[in-house]
Amino acid sequence: GDSVTQMEGPVTLSEEAFLTINCTYTATGYPSLFWYVQYPGEGLQLLLKATKADDKGSNKGFEATYRKETTSFHLEKGSVQVSDSAVYFCALRQNTDKLIFGTGTRLQVFP
Amino acid sequence: ETGVTQSPTHLIKTRGQQVTLRCSSQSGHNTVSWYQQALGQGPQFIFQYYREEENGRGNFPPRFSGLQFPNYSSELNVNALELDDSALYLCASSPAQRTTDTQYFGPGTRLTVL
């Protein structure tokens, strides 16, 4: 079945470092891809999305490109801040009902 | 425009009891989905409602049931609670059922089963 695999965390970085969180997916069709962020004690917030191959989603300095040839949707940010510390979830939506999530990657940014 | 809201925020129940969680969808959204998020895991899809009908279901037993009302608010009911039902329950609404549509999440209800 469809699935999402994320790199394990925690990812620990100093402020202003470059961030990459890897995400790969398995799907039989052409899913839409999403990154959600979860701050401590809160629900999920949409960070960005891409709905077809080669689309780039971007928001708040974060970017991810939908790569069909490598079935990947890696999240990047050029300069992280302490306030970016959170858990990041990659997800796909193939059918009209459910989102399929990865297990999440915890990011810790230190000053 | 108000976002997705959920109530209560926290809930403690004992094994065997029944619980009802509530969700108010974002204005204009006719589709609501429910997810269970165990500690340290990604959310798992429970079911989705579209125009008051169940539209899809994940791998959860029948003691997990739901309702969607004409105003598109929704309930998740869980009967015969088990210890493993302890989790964060998230509701998400979307404007339609296209694969490209974003699902907008509420803050969740933290359920603890003792």
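Just so we're clear, the structure is a prediction, and the values are computed from it rather than from any experiment. (Residues numbered from 1 in each chain as written. Chains lettered and ligands numbered in written order. Predicted model: local features only at pLDDT ≥ 70, side-chain atom pairs only at ≥ 80, totals over all residues. Heavy atoms only, no water.)

(A) Quick look at the nonpolar core. Residues and elements named next belong to chain A. Leu19, Trp35, Leu48, Phe73, Leu75 and Tyr88 are the most contacted members of the largest nonpolar core, which totals 26 residues. Contributions of two or more residues to this core are made by strand 2 (11-14), strand 3 (19-21), strand 4 (23-26), strand 5 (32-38), strand 6 (44-50), strand 8 (62-65), strand 10 (86-93) and strand 12 (105-110). For this core, the element with the highest residue contribution is strand 10, accounting for four residues. (Core = buried A, V, L, I, M, F, W, Y, C linked by side-chain atoms within 4.5 Å. Buried < 20%, exposed > 50% of the residue type's maximum accessible area, 1.4 Å probe, protein only. Helix = DSSP H or I, 4+ residues; strand = E, 2+ residues; numbered from the N terminus.)

(B) Region of the structure containing the sheet that holds strand 7 (residues 64-68) of chain B. Residue and element names in this part refer to chain B. Spatial strand order, 1-3-8-7: four strands in an open sheet with antiparallel pairing. Because the sheet does not close on itself, it has two edges, and the strands there are strand 1 (5-7) and strand 7. Strand-to-strand twist of the sheet, defined as the mean angle between neighbouring strand axes without regard to direction, takes the value 20°. Both strand 7 and strand 8 (residues 74-78) contribute to a ladder of five bridges, which runs antiparallel. (Pairing = 2+ DSSP bridges. Axes fitted to C-alpha atoms, helices over the stretch in contact; angles between N-to-C directions.)

(C) Up close: the pairing of strand 3 (residues 19-24) of chain B. Residues and elements named next belong to chain B. With three bridges joining them, strand 1 and strand 3 adopt antiparallel strand pairing. Bridge assignment links Ser7 to a residue of strand 3, and that residue is Arg22. Pairing of strand 3 with strand 8, which is carried by five bridges, proceeds in the antiparallel orientation. In the strand pairing of strand 8, Val19 is matched with Val78.

(D) Focus on the pattern of salt bridges. All names here are of chain B. On inspection of all chains with the given rule, the structure shows seven salt bridges over all chains. A salt bridge links Arg57 to Glu54, with the shortest nitrogen-to-oxygen separation between them at 3.3 Å. Owing to a relative accessible area of 31%, Arg57 belongs among the partly exposed residues under this scheme. Put simply, Arg63 and Glu82 hold a salt bridge, and the shortest N to O gap is 3.3 Å. In this pair, Arg63 sits in the loop between strand 6 (53-57) and strand 7 while Glu82 sits in the loop between strand 8 and strand 9 (87-94), placing the two residues 19 residues apart along the sequence. The buried category is assigned to Arg63, whose relative accessible area is 16%. What makes Glu82 partly exposed here is its relative accessible area of 39%. Within this structure, Arg63, Glu82 and Asp85 form a network of salt bridges that share partners. (Salt bridge = Lys/Arg side-chain N within 4 Å of Asp/Glu carboxyl O.)

Note that all results are geometric; they support no functional claim without further evidence.
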